[in-house]
Amino acid sequence: MTLIRTVLIASLTACTAGLTQAQEVNIYSARHYPTDEALYADFTQSTGIKINRVDADDAGILARLKAEGAASPADVILLVDAARLWRAEENGLFLPIQSAMLNKAIPEHLRAQPDASGGTAWFGLSTRARVIVYDKLKFKATDLANYENLADPKFKGQLCTRSGAHPYNLSLFGAMTEHMGEAKTEQWLKGLVDNMARSPKGGDTDQIKAVAAGECGVAISNSYYLARLMRSSNPADRAVTEKIAVVFPNQNSWGTHMNIAGGAVARHSKNRDNAIKFLEYLASPNAQNHFANGNNEWPAAKGVTFDNAALKAMSGGRFKSELIPISAVGKNQIKVQQMLDRVGYK
Ligand code: FE
């Protein structure tokens, strides 16, 4: 049972003697990042729309929406994985919307495929690279230029990852299926299992720390966990990042896999205009900068400049990211789960 915490953010607008109806928007959010608080406060301050927020993980939010049905008070849904956004769309939990602002700001491959009437069910609002981290005393960047290299026998007993069933891995593997086809991807996954230093456990940060501790030689992680360690005020965290190096894979082929965090209007939203306003706000340069500086994610919106030394240091400033329609990772997910079962990737 997922623990669901309700957070009320006090409205900064005083309702004058009850003469006006308070404007509000109800958000179900899987973004578990404390730095987002400032973003919500800024929205309320500039629009007068009060935010009521329910925090849960992706799976908890989807279960709650299904249980609530048409009675759901949810207006905006924020999830942190492309396949989960795709799944929620498939389950009819989102209301496709038309927003010229969002259509212009968010690249086509980072949003849902348009429906018959041109509506879009969800939009990516920030991106995160799934990178390779390695022990720089044991290996070189050229050993790990591509995701495919993770299956090379030279990494036998060296690889650490979180569970194969975690959405971040399911989405990476779904993208690999899109790029290489099912047979090659299954062979590759089998190679990953053969190379494991230990049975998958923990989160991405645990994999990075295990590389620094010498328990593994190679690991996979989302980029913001690494940036968080680089920017940590704890010297032990920064010491971890000095022992490891990072690769943005597949620069000479399809580019590094980018997952998204994204948003949608809930199917039964009662405050639709406010919901769209909030999503548009999240795609604005100000909010996009906030994602980059506060949570070390790359802006999803086009043409947004940002300043984050950790992101620049780890990526060299520019890198090639994959351009497949991100909805493909959802479409491939069942196939990936079956492959994981067949190769014994826990
Ligand atoms: Fe995460």
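Treat the numbers as computed from the prediction; the structure is a model and nothing was measured. (Residues numbered from 1 in each chain as written. Predicted model: local features only at pLDDT ≥ 70, side-chain atom pairs only at ≥ 80, totals over all residues. Heavy atoms only, no water.)

1. Observations regarding the overall build of the chain
For the chain, the helix and strand inventory stands at 14 helices and 10 strands. In terms of overall dimensions, the chain is globule-like: its C-alpha atoms have a radius of gyration of 21 Å, near the 20 Å expected for 346 residues. Its C-alpha atoms put the chain at 70 × 45 × 40 Å along the principal axes. Put simply, the chain has 346 residues, and 55% of those count as buried. When the accessible surface of the chain is split by element, carbon and sulfur atoms take 53% of a total near 14,600 Å². (Helix = DSSP H or I, 4+ residues; strand = E, 2+ residues; numbered from the N terminus. Rg over C-alpha atoms; globule rule 2.2 N^0.38 Å. Buried < 20%, exposed > 50% of the residue type's maximum accessible area, 1.4 Å probe, protein only. Areas by Shrake-Rupley, 256 points an atom, 1.4 Å probe, with all protein chains shown as cover.)

2. Examining the nonpolar core
Soluble globular proteins: nonpolar side chains tend toward being buried together. Judged by nonpolar contacts, the single largest core of 86 residues is most densely connected at Phe-94 and Phe-278. Here this core takes 6 residues from helix H10 (residues 272–282), the largest share from any one element. No fewer than three residues from each of domain 1 (26–126 + 258–313) and domain 2 (130–257 + 320–343) sit in this core. Membership of the second largest hydrophobic core comes to 27 residues, among which are Leu-159, Val-218, Ala-245 and Trp-254. (Core = buried A, V, L, I, M, F, W, Y, C linked by side-chain atoms within 4.5 Å. Domains from an automatic or database assignment.)

3. Examining the pattern of salt bridges
Under the criterion given, the structure shown has 17 salt bridges. For the salt bridge of Asp-58 with Arg-84, the shortest nitrogen-to-oxygen distance reads 4.0 Å. Of the two residues, Asp-58 is situated in helix H2 (residues 58–68) and Arg-84 in helix H3 (residues 82–90); the sequence distance between them amounts to 26 residues. Since its relative accessible area comes to 26%, Arg-84 is described here as partly exposed. Between Arg-198 and Glu-215 there is a salt bridge whose closest N-O contact spans 3.1 Å. Highlighted residues: Arg-198 in the loop between helix H6 (182–195) and helix H7 (204–212) and Glu-215 in the loop between H7 and strand E7 (218–222), separated in sequence by 17 residues. Put simply, Arg-31, Asp-36, Arg-128 and Glu-297 are held in one network by salt bridges that share partners. (Salt bridge = Lys/Arg side-chain N within 4 Å of Asp/Glu carboxyl O.)

4. Examining the packing of aromatic side chains
For any pair of aromatic rings, geometry is given as the distance between the ring centres together with the angle between the planes. Scanning the entire structure with this criterion turns up 12 aromatic pairs. Note on Phe-173 and Trp-188: the rings are 5.7 Å apart at their centroids and 80° apart in plane angle, and the pair reads as edge-to-face. Note that Phe-173 is positioned in helix H5 (residues 167–180) and Trp-188 in helix H6, a separation of 15 residues in sequence. On the basis of relative accessible area, Trp-188 is assigned to the buried category, the value being 4%. With 5.1 Å between their ring centres and 70° between their planes, Trp-298 and Phe-319 make a pair best called edge-to-face. Placement of the pair is Trp-298 in strand E10 (residues 298–299) and Phe-319 in the loop between helix H12 (309–315) and helix H13 (328–331), with a sequence separation of 21 residues. Take Trp-298 and Phe-319: they sit in the same class, and that class is buried. Each residue in the set Tyr-40, Phe-43, Phe-278 and Tyr-281 is aromatic and connected to the rest through ring pairs, giving one cluster. (Phe/Tyr/Trp six-rings, centres within 6.5 Å; stacked < 30°, edge-to-face > 60°.)

5. Examining the packing of H7 against helix H9 (residues 235–243)
Packed helices, taken two at a time, are described by the angle their axes make and the gap between the axes. Orientation of H7 relative to H9, taken along the N-to-C sense of each, is 65°, at an axis distance of 8 Å. Of the possible angle classes, the one that applies to H7 and H9 is roughly perpendicular. Considering the relative orientation of H7 and H9, their crossing is left-handed. Contacts between H7 and H9 involve Ile-208, Lys-209 and Ala-212 from the former and Asp-237, Val-240 and Lys-243 from the latter. Partitioning the contact of H7 with H9 into residue classes produces 3 nonpolar, no polar and 3 charged. (Axes fitted to C-alpha atoms, helices over the stretch in contact; angles between N-to-C directions. Parallel < 35°, antiparallel > 145°, perpendicular 65-115°, else oblique. Left-handed = near helix turned anticlockwise from the far one by under 90°. Contact = heavy atoms within 4.5 Å. Nonpolar A, V, L, I, M, F, W, Y, C, P; charged D, E, K, R; others polar.)

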